[in-house]
Amino acid sequence: MNAALRELGQNLLLPGVKGLPLQQATRQDAIGGLGLHVLDGSLSYPVAVLRESTLAHNIAWMRDFVERAGALLAPHGKTTMSPQLFQAQLDAGAWAITLATIPQLRIAHRFGVRRVLLANQPVAIADIESLAALLRDDPGFEAWVLVDSSAGARRLAEAMQRLAPQRRLPVLVELGADGGRTGVRGLDAALALAREVAASPALRLAGIEGYEGLWVGADRDSDLARVRGLLAELVELTRRCDGEGLFDGEEILISAGGSAYFDFVADAFATVGATTRPLRRVLRSGCYLTSDHGFYHGLQQEMRTRHDASFRHGLQPALEVWAAVQSRPEPGLALLTLGKRDASYDIDLPKPLCWHRPGEPAPSPMRDARIAKMNDQHAYLELPHDHPLQVGDLVATGISHPCTTFDKWQVLLTVDDGYRVTGAINTFF
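For clarity, every value in this text was computed on a predicted model and none was experimentally measured.

Colleague: Would you explain the pattern of salt bridges in this entry?
Modeller: Once the charged atoms of two side chains with opposite charge are near each other, the side chains can pair. Considering all chains together, one arrives at 26 salt bridges under this definition. Residues aspartate 64 and arginine 63 are paired through a salt bridge, measuring 3.2 Å at the closest nitrogen-oxygen approach. Take aspartate 64: its relative accessible area is 30%, and that puts it in the partly exposed class. Since its relative accessible area comes to 32%, arginine 63 is described here as partly exposed. Notably, a salt bridge pairs aspartate 137 with arginine 136, separated by 2.8 Å at the nearest N-O pair. The class for arginine 136 is partly exposed, based on a relative accessible area of 33%. Bridged by salt links that share partners, the residues Arg220, Asp223, Asp263, Glu302 and Arg306 form one connected network.

Set out below in structure tokens:
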């Protein structure tokens, strides 16, 4: 553990930290000893919590999955941007941490991450210069970046030649698909770009990359066909580049795998066949760590239908946001102390899971209820007219898309299975 990561525990948390009822400055590593409990009403609601046992389960499950697949895991750090969670993933065998931007990469480096896959093509000159300077000043730090155009490759090469001439930047050519996001379109254009990278004195072609997680619409057959098509093209591009001797370095990387179809990715990458140097199959799922109660839960249910018993006890939701009932202004309506500043709403609104009255033995399931809309600080909970929920009661919500809940909290609490607060983790967005 590096010094910056150790120092997080020594942070003084001041009154006003969202979720914590602090009345004086408190060291972060003392939070678990304060006797705080989600269910007794002693916190400041809303509060985002991570169930420790579920995090441990998900980390172990994904570690076992990639081992069985003969792959490596470089989980996408943008999901949590939490140094403590990065370290937990690395301690469990993650090969690297994936990131999306140079500032994110800089944060990971500050907190001791030594190997990063930047799943993006950096284009801002300031960002490229920052990366080149970091690689120059820290010879032991490893970073791979993407390119999908000649213009992008030239920008990278110029900065590396000027600022870090002693290091050739390892690059993965990103292959995209029509109507998709970034990535060069078509095998022929991708192969031409790979040749250009291989010929650069400042860059080296380290592998091939793509992102298959965009196709998650209502037409599942069409979505899955597009996913399989892109993965097949990634495999074919890898074979062609290897056949032409374009790869440089001790190994070849082939990478994809968001959180929706990482099983398809693992299966496809197993078909690459013999290569002239060792092949590293790198999966990049990030949302596996906490999963969710909505979007990814549904996609993982689909995975369970595609596989054997090993998927039946697969990834579980670890992230919850608890709120208090602020008002019961009408029959069938409760207003919660939870809003767009606290929980994701970009895909689905939060899902009511259970409710609890402090002092009662245990939470009760919340049935026939839904959050109909949210404002900045309020959620509109529709529920049966005769529901006993009253002002001051607590409601647990599950979220859909963890990425856009983590970025709303600088500090999230960890809890045990009885909802006792055990500690805290930080985010850096």
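Colleague: Explain the packing of helix α4 (residues 102-110) against helix α5 (residues 125-137) here, please?
Modeller: A pair of packed helices is captured by two measures, namely the crossing angle of their axes and the spacing between those axes. Relative to each other, α4 and α5 sit at 25 degrees, their axes nearing to 10 Å. Here α4 is positioned roughly parallel relative to α5, judged by the angle of their axes. Every pair of crossing elements has a handedness; the one defined by α4 and α5 is left-handed. On the side of α4, the interface is formed by Ile102, Pro103, Leu105, Arg106 and His109, while α5 contributes Asp127, Ser130, Leu131 and Leu134. In the contact of α4 with α5, the residues fall into 5 nonpolar, 2 polar and 2 charged.

Colleague: Would you explain the packing of aromatic side chains in this entry?
Modeller: Each aromatic ring pair is specified by the distance between its two centres and by the angle formed by the two planes. Scanning all chains against the criterion turns up 8 aromatic pairs. Between tryptophan 95 and tryptophan 144 the ring centres are 5.2 Å apart and the planes differ by 45 degrees, which places this aromatic pair in the tilted class. Note that tryptophan 95 is positioned in the loop between α3 (83-91) and β5 (97-99) and tryptophan 144 in strand β7 (residues 142-147), a separation of 49 residues in sequence. Classification of tryptophan 144 by relative accessible area gives buried; the value is 4%. Each residue in the set Trp61, Phe65 and Phe262 is aromatic and connected to the rest through ring pairs, giving one cluster. Here arginine 228 stacks its cationic end above the ring of phenylalanine 264, 4.6 Å away from the centre of that ring. A cation over an aromatic ring shows up here: lysine 340 above the ring of tyrosine 345, its NZ or CZ 5.2 Å from the ring centre.

Colleague: Could you clarify how one ought to interpret the environment of alanine 309 in this entry?
Modeller: Mapped onto the secondary structure, alanine 309 falls in the loop between α10 (295-306) and β13 (319-330). You can call alanine 309 partly exposed: its relative accessible area is 43%. Residues alanine 309 and tryptophan 355, 46 residues apart in the sequence, show an inter-C-alpha distance of 32 Å.

Colleague: What's the story with the pairing of strand β18 (residues 379-382) in this structure? I'm lost.
Modeller: Working note: regular strand, side chains alternate between the two faces of the sheet. What you see with β18 is a clean split: Ala379 and Leu381 sit on the buried side and Tyr380 and Glu382 on the side with no burial. For strand β14 (residues 333-336) and β18, the ladder comprises 4 bridges, and the chain directions are antiparallel. Within the sheet, the bridge partner assigned to alanine 334 lies in β18 and is leucine 381. Here strand β17 (residues 370-374) runs beside β18; their pairing, made up of 4 bridges, is antiparallel. Looking across to β18, one finds that lysine 373 is bridged to tyrosine 380. Linking β17 back to β18 in an antiparallel pair, the connection comprises 4 residues.

What counts, and where the lines are drawn
- Residues numbered from 1 in each chain as written.
- Predicted model: local features only at pLDDT ≥ 70, side-chain atom pairs only at ≥ 80, totals over all residues.
- Heavy atoms only, no water.
- Salt bridge = Lys/Arg side-chain N within 4 Å of Asp/Glu carboxyl O.
- Buried < 20%, exposed > 50% of the residue type's maximum accessible area, 1.4 Å probe, protein only.
- Axes fitted to C-alpha atoms, helices over the stretch in contact; angles between N-to-C directions.
- Helix = DSSP H or I, 4+ residues; strand = E, 2+ residues; numbered from the N terminus.
- Parallel < 35°, antiparallel > 145°, perpendicular 65-115°, else oblique.
- Left-handed = near helix turned anticlockwise from the far one by under 90°.
- Contact = heavy atoms within 4.5 Å.
- Nonpolar A, V, L, I, M, F, W, Y, C, P; charged D, E, K, R; others polar.
- Phe/Tyr/Trp six-rings, centres within 6.5 Å; stacked < 30°, edge-to-face > 60°.
- Lys NZ or Arg CZ within 6 Å of the ring centre and 35° of its normal.
- Pairing = 2+ DSSP bridges.

Note that all results are geometric; they support no functional claim without further evidence.
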